Each structure stands twice: as C-alpha cells, then as structure tokens.
Amino acid sequence: MHELSLMQSIFEIVEAEMKAHGLAHIDLVKIKVGELTAVEGASMQFAFEVLKKGTGLENARLEIEYVPGVAYCAKCDLRYLMEGYRIICPQCGRGGRIIAGKELYVDSLGVDDGEENKNCQKCIKGQ
Ligand SMILES: [Zn+2]
C-alpha cells in the first residue's frame with residue numbers, strides 16, 4: 001500500500017521535528033497533498049491511525065489540504081487550473097507545464113495548550 005509508506009515518511013519527518021523542538025506529543029498534523037499525486041485521502045487517514053499508536057502522535061488528528069493541479073502555458077503566459085489530469089492550455093490548446101498539484105509535504109504541526117486563541121487576530125479584534 002503506497003499510502004502506508006508515504007505516511008511512514010511523514011511520521012519520520014514529524015518525529016524529527018518533535019525531537020528538534022522538544023515536544024513530547026503533537027495534537028495536529030497538517031499535510032498538503034497535490035491532486036495530481038493520486039494519493040487517497042482515506043488511505044492516508046487509515047495509515048495515520050495505524051501508525052500513530054504508541055507514539056507521541058497517539059492523540060493527534062490528521063488534516064489534509066488538497067492542492068489543485070495548476071499548469072502554465074509559456075506561449076500565452078497563462079496559469080490555469082487543470083481539470084483532472086488535462087494539461088491542455090484552454091487558450092491555445094497546447095500542452096502546458098505542471099506547476100502545482102504534485103506536492104506532498106508536512107505543512108504544519110499543532111499543539112493544543114489551551115491558549116490557542118490567545119494570539120488569534122480575529123479574537124483580539126472581536127473584543
Ligand atoms: Zn496557451
């Protein structure tokens with residue numbers, strides 16, 4: 001299963017980050033997944049649940065943000081959203097170059113310390 005080995009790499013990155021920042025546990029792992037990676041979100045969630053047992057990520061949840069496929073046509077100097085895997089430029093009909101949608105990385109890690117709203121600009125403005 002492709003997603004399980006991907007998630008294993010993500011765990012290695014997260015655990016290295018936790019070590020670097022002296023964190024014993026993590027509550028939230030946010031990853032970005034390009035829509036052109038063919039990675040299944042449900043399988044990623046499943047792999048996360050399996051792998052997190054007995055680690056500092058045991059109580060963490062996984063949040064997946066999908067990055068749409070974007071291509072660029074040099075002839076038209078146009079960036080356009082790809083429809084699925086279609087890379088054809090909507091203006092001239094030539095094949096463009098993929099500039100987004102193939103990424104897969106750890107975006108951020110979260111720790112719930114009960115003070116998460118303290119620095120929230122919206123909350124401060126609302127008072
Ligand atoms: Zn074009």
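Residues numbered from 1 in each chain as written. Predicted model: local features only at pLDDT ≥ 70, side-chain atom pairs only at ≥ 80, totals over all residues. Heavy atoms only, no water.

Within an unreviewed UniProt entry, the label attached to the protein reads Hydrogenase maturation factor HypA, and the organism entered is Anoxybacter fermentans. Recorded in UniProt under Function (unreviewed entry), the annotation for the protein is "Involved in the maturation of [NiFe] hydrogenases. Required for nickel insertion into the metal center of the hydrogenase." Here the protein is described in UniProt, under the heading Sequence similarities (unreviewed entry), as follows: "Belongs to the HypA/HybF family." (UniProt positions renumbered as here; feature names shortened; annotations may be inferred.)

Two measures define how a pair of helices packs: the angle their axes make with one another and the distance between the axes. Close contact between helix H1 (residues 2–20) and helix H2 (residues 41–51) brings their axes to 9 Å; oriented N to C, the two are set at 55°. Our classification of the angle between H1 and H2 gives oblique. Our pair here, H1 against H2, has a crossing hand that is right-handed. From H1, Glu3, Leu4, Leu6, Met7, Gln8, Ile10 and Phe11 reach across to H2, where they touch Ser43, Met44, Ala47, Phe48 and Leu51. (Axes fitted to C-alpha atoms, helices over the stretch in contact; angles between N-to-C directions. Helix = DSSP H or I, 4+ residues; strand = E, 2+ residues; numbered from the N terminus. Parallel < 35°, antiparallel > 145°, perpendicular 65-115°, else oblique. Left-handed = near helix turned anticlockwise from the far one by under 90°. Contact = heavy atoms within 4.5 Å.)

Its location among the elements puts Lys32 in strand S1 (residues 28–34). Those residues in contact with Lys32 that lie beyond four places of it in its chain are Glu65, Val67, Glu103, Leu104, Tyr105 and Asp107.

Bound to the zinc ion on the protein side are Cys73 (SG), Cys76 (SG), Cys89 (SG) and Cys92 (SG), at distances that span 2.3 Å. Each donor residue of the zinc ion belongs to the same chain, and together they define the spacing C-x2-C-x12-C-x2-C. Of this pair, Cys76 sits in the loop between strand S3 (70–73) and strand S4 (78–81) while Cys89 sits in the loop between S4 and strand S5 (97–100); the two residues are 13 residues apart in sequence, bridging distant segments of the chain. Note on Cys76: relative accessible area 23%, which makes it partly exposed. With relative accessibility at 3%, the residue Cys89 sits in the buried group. (Donors = N, O, S within 2.8 Å, 3.2 Å for Na, K, Ca; no water. Buried < 20%, exposed > 50% of the residue type's maximum accessible area, 1.4 Å probe, protein only.)

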